[in-house]
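Single-letter residue listing:
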Amino acid sequence: MTFKRIGLAAAAAVVLAGSFAAAGPVAAQEQFVPLLVYRTGPYAPSGIPLADGFNDFMQLINLRDGGVNGVKFAWEECETQYNNDRGVECYERLKAKGEAGASVVNPYSTGITYALIERATNDKVPVLSMGYGRADASDGTVFPYVFTMPITYWAGADVMVQYAKKESGGSLEGKKIALVYHDSAYGKEPIATLERLAKEEGFQFSTYPVAHPGLEQKATWLQIGRQLRPDWVFMWGWGVMNSTAIKEAAAVGFPMEKFVGIWWSGAEADVTPAGDAAKGYKSLNITGVGTSAPIFKDIEKMHADGKGVADKANIGTVLYNRALVNAFYYTEAIRIAQGEFGKKPLTGEQVQWGMDRLDITQEMIDKAGMTGLMSPVKITCADHEGGGSAVVQQWDGTKWAAITDFIAPRRDALRPAYEASAAQYAKEKGIEPRSCS
Amino acid sequence: MLYREAGQFKTSYGADQAIFPIRQDRIALLLFALVAVLGVPALASNYFLETIFVPFLVFALAALGLNILTGYCGQLSLGTGGFMACGAFFSYKLATGFPELHIVLVFLLAGLGTAAVGVLFGLPSLRIKGFYLAVATLAAQFFLVWVFNKFPWWTNYSPSGVISAPPREVLPGLAVTGAGGDPAVKYLFLLVFVAVLALVAKNLVRSRIGRTWMAIRDMDIAAEIIGIRPLWAKLSAFAVSSFYIGIAGALWAFVYTGSVEALAFQIDRSFQVLFMVIIGGLGSILGSFLGAAFIVLLPILLNNAPSLLGLHISVETVAHLEFMVFGALIVFFLIVEPHGLARLWQIGKEKLRLWPFPY
């Protein structure tokens, strides 16, 4: 039947025309890292630089340093399409690969993180949810296998309020702040913290949920721009919601300098669709932007040798750098754990031991060539957030540039909030918090 | 030659009215049950049990529910996602509010609650039909997801709006919810649960109630004229269907994913279950299972196929290939057999009766 033959030929052609993955079968003496990525689907513009950052960093460690103390990285990507079911399936498929199983999992999706927390804790695989996921997982006694460094959404909200306060001359009394948020677990995270800060600082706080996927924001912004006229607007958006919000804000004439997004609303993919309207838009960032750090010389040399994975245009972008820092965290954790367990492929439990003792000082950052890309972080058994900070950056039409130093959140009020929320989770799940002595 | 009932005489009404009257069918069913109960947990890896069989069974139940409503009663419904959310959140509130309640009771009560909600949203069916009813059930979908998103009471005031299934045991020592559960225990629990509910569904559709549903589906005005009350028939279809779909939603949240937010029950979920029913076969219990297998398992198979065949293809290409092949297969099956996979199975059985002769 010609139909069948044409179909088979087409399938074969597509298979041959497709590009080939960097990872092959896992050999001995290799540390396996599963990569849950989304290179297709609606979030691909964000997912591709993230995935490339991981690939490039691990490739660099393998080629430049010969791995961590001789143990090279092996990794395999799995396409989740930002879908929770797929994320779980990818995790289950990859968790046992490699000599010692998966070392760490970085879901890059709040939904997938929630779905994986229990499973990964049961399987003893650490979940590194860098700057996303549940904020109360910063309490390491209830969530021994979840790490939220360097900073959580609640702390990020605090940083935004501090920045707004400074820009408003030192006081927010009587000012109006609006939160435009994605109506999901991710977007709702900062509300409780912002309500508390509203009472403390004396500002009026209003919330504007935006239904997924966030393309319908006209009514929201008309309310904000014409009725409320707040002094500051904070945004917790993701994907197309970000660029739509910026376009709508420009349409109602809201000043971009008073519009601050969280670190997932501050990438190139979010501002370029809005064009000139996005000039002056600000966002938080937990990692440095640009290619000024010394490590980029090595990365560019690797690309010149033809061994790099990323698209050259993505190097130095916000999300690519974030993935570099993320990979750096678990690389250092593996290094620490190897000091205890030996220079061999480590199990997830051993990597978690290393993560519990992760102490990244400024000297270590400078030595690794990541100066300016990250702030120091110190994880303990009970504190899985690490005391990191965030920086405020601004889009000037062509690139992001940091306009402040790293601002530290005020954690005295945040820590009890994490612990209270974690305690409720522990009670519901019947978990006995581990002791940290 | 093999599939003839020559020599099999029924000597009681019960035997005559059995669901599987032919001995060969019963033997095949017994073998299948043995494989499913003994073979699969022993031989399948945890990956297969957790990510292949568990979602298949859960979605088979949801497809069963929608098939009762759309396939047997002819009421097109796009509210499946919302009803699954109902089941998930009702069972969460029951499980956290009454910790001593047995988990099976929690699921059944959540199903009853969802049935009540389903009856409420089924009231428009008394006035509108077909695609217009689909739009009315769309209201159910969006309204229910909005309710669970908006009111923090449903998530016990959690700051992020995500519910996490508390660990529960079906028998002392056998946890089925929460990640601590052994995948084999979860699989067997689901297998028994879904088998019992499928049996109930099969008997319902063979009974008087089922015939009233089918009469409404085929020609509702004629049904009304011969004395079938459309109110009772349609609302009972909505009630039973929502009961099944609610339990499926509760099982999905508790046994499969372990934690869920209201956003997981978007309109895509409703379409997914509707496609299962259409591809599997409208008006067929077996069709619900076949359709669920097709929609849930085939993408996973297509995703894994390149690595199983030893080909090294980038994940993007695999994802694109998967979409293309999946879409092409849907079109192919609907062209070859518009009545779904269940009809293909039926044709297969008819051919088997004549085997080895062609006609």
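Residues numbered from 1 in each chain as written. Chains lettered and ligands numbered in written order. Predicted model: local features only at pLDDT ≥ 70, side-chain atom pairs only at ≥ 80, totals over all residues.

A.B. asks: When you look at the interface of chain A and chain B in this model, what are you seeing that I'm missing?
C.D. replies: When the parts come together, some accessible area is lost, and that loss is often what is quoted as the size of the interface. With 39 residues of chain A in contact, the opposing surface of chain B contributes 33 residues. Elements that contribute at least two residues to the side of chain A that touches chain B include exactly α1 (2-17), β2 (72-79), α3 (84-94), α4 (110-123), α6 (185-188) and α15 (411-429) of chain A. For the side of chain A that touches chain B, the element with the highest residue contribution is α4 of chain A, accounting for 7 residues. Considered class by class, the residues forming the side of chain A that touches chain B number 12 nonpolar, 13 polar and 14 charged. (Contact = placed C-beta atoms within 7 Å. Helix = DSSP H or I, 4+ residues; strand = E, 2+ residues; numbered from the N terminus. Nonpolar A, V, L, I, M, F, W, Y, C, P; charged D, E, K, R; others polar.)

A.B. asks: What exactly am I supposed to notice about the packing of helix α11 (residues 285-308) of chain B against helix α12 (residues 315-336) of chain B here?
C.D. replies: To describe two helices that pack against each other, one gives the angle between their axes and the distance between the axes. Residue and element names in this part refer to chain B. Relative orientation of the contacting elements α11 and α12 amounts to 135°, with a least axis distance of 9 Å. Compared by their axis directions, α11 and α12 come out oblique. The element α11 and its partner α12 pack so that their crossing is right-handed. Across the interface between the two elements, Leu298, Pro299, Leu302, Asn303 and Pro306 of α11 pack against Val318, Glu322, Val325 and Phe326 of α12. Its residues assigned to classes, the contact of α11 with α12 shows 7 nonpolar, 1 polar and 1 charged. (Axes fitted to C-alpha atoms, helices over the stretch in contact; angles between N-to-C directions. Parallel < 35°, antiparallel > 145°, perpendicular 65-115°, else oblique. Left-handed = near helix turned anticlockwise from the far one by under 90°.)

A.B. asks: Whenever I open this one, the domain arrangement of chain A confuses me. Can you help?
C.D. replies: Residues and elements named next belong to chain A. Partitioning chain A into domains gives domain 1 (28-151 + 291-387) and domain 2 (153-285 + 393-412). With centres defined by C-alpha atoms, the gap from domain 1 to domain 2 works out at 28 Å. Residue-level contacts link 15 residues of domain 1 with 20 residues of domain 2. Secondary structure elements with two or more residues in the side of domain 1 that touches domain 2: α2 (44-65), α4 and α12 (318-341). (Domains from an automatic or database assignment.)

A.B. asks: Before we go on, may I ask you to explain helix α4 (residues 80-97) of chain B in this structure?
C.D. replies: Structurally, the α-helix is built with 3.6 residues per turn, so residues lying three or four positions apart point the same way. The terminal C-alpha atoms of α4 of chain B lie 25 Å apart, and with 18 residues this matches the ideal 26 Å at 1.5 Å per residue to within 8%. Most of α4 of chain B is tucked away, with 14 of its 18 residues classed as buried. (Expected span 1.5 Å × (residues − 1). Buried ≥ 20, exposed ≤ 12 C-beta atoms within 10 Å, placed from the backbone.)

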